[in-house]
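Working through the structure, step by step
Below are the chains, spelled out letter by letter.
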Amino acid sequence: MVTQNMNQFEQSPIKGNIAAIVNPNTISVVIDPASALNSVAPLYAGDMVALSNAVGSAIMVDKAIANSTMFGVVIYTPKKDKFVAGDALEVAMAGSVVYMEAENAVARGESLQYVPGTSVVKPWVNAVETAIGIALDKSAASAGNLIRVLVA
């Protein structure tokens, strides 16, 4: 039988710090350097990405366009404000709660649609567009309000 000669209570703050850092709903990806979509404009926090290529050592993503199957949403990092082709970054996956900008009035619980090329969401209007999540907050009628979105 092996025993540990340490006080387990002294490790609690370390365990708490590690748990605070790890978010199981994020994944590391690389913006596909071969994509024509990514050479035009950078990606910012709140932008949606679509899966480009999962073959090889890195998962490659493209900037999402209209009716893309959304793979994740770029999350905010204080280290970098924008990402360009070839950059590695973290994206939030389904089940994550992220802040996104509302284009107009949004009701709590409403399905949302992503506006490609922006970090903006608006109410989902029909089955032709892709619903990307559910509003957890309601916004006023003015554009630019940040709301919490449960990524679907």
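Up top is the structure.
For clarity, every value in this text was computed on a predicted model and none was experimentally measured.

Some remarks on the layout of surface pockets
If you add up the space inside the largest pocket, you get close to 170 Å³. Along the walls of the largest pocket sit Ala-45, Gly-46, Val-73, Val-74, Ile-75, Tyr-76, Val-98, Tyr-99, Met-100, Glu-101, Ser-119 and Leu-146, which together make up its complete lining. Where the lining of the largest pocket is concerned, the elements lending two or more residues are β5 (70-74) and β8 (97-102). Here the element with the most residues in the lining of the largest pocket is β8; it accounts for four residues. Residues that form the lining of the largest pocket fall into these classes: nine nonpolar, two polar and one charged.

Concerning the sheet that holds strand β3 (residues 48-53)
The pairing of strands in a sheet comes from backbone hydrogen bonds and takes either a parallel or an antiparallel form. In spatial order, the strands read β1-β4-β3-β5-β7; together these five strands close into a barrel with mixed pairing. Adjacent strand axes in the sheet meet at a mean angle of 60° when their direction is disregarded.

Considerations on the pattern of salt bridges
Applying the stated criterion across every chain yields a total of two salt bridges. Between Arg-148 and Asp-137 there is a salt bridge, with the nearest N and O atoms lying 3.0 Å from each other. Placement of the pair is Arg-148 in strand β12 (residues 146-151) and Asp-137 in the loop between β11 (131-135) and β12, with a sequence separation of 11 residues. Owing to a relative accessible area of 17%, Asp-137 belongs among the buried residues under this scheme.

Each value, and the rule that gives it
- Residues numbered from 1 in each chain as written.
- Predicted model: local features only at pLDDT ≥ 70, side-chain atom pairs only at ≥ 80, totals over all residues.
- Heavy atoms only, no water.
- 1 Å grid on protein atoms, 1.4 Å probe; cavity = no way out; pocket = protein on both sides within 12 Å on 5 of 7 lines; lining within 4 Å.
- Points joined across faces, edges and corners; volume = space filled by probe spheres on them.
- Helix = DSSP H or I, 4+ residues; strand = E, 2+ residues; numbered from the N terminus.
- Nonpolar A, V, L, I, M, F, W, Y, C, P; charged D, E, K, R; others polar.
- Pairing = 2+ DSSP bridges.
- Axes fitted to C-alpha atoms, helices over the stretch in contact; angles between N-to-C directions.
- Salt bridge = Lys/Arg side-chain N within 4 Å of Asp/Glu carboxyl O.
- Buried < 20%, exposed > 50% of the residue type's maximum accessible area, 1.4 Å probe, protein only.

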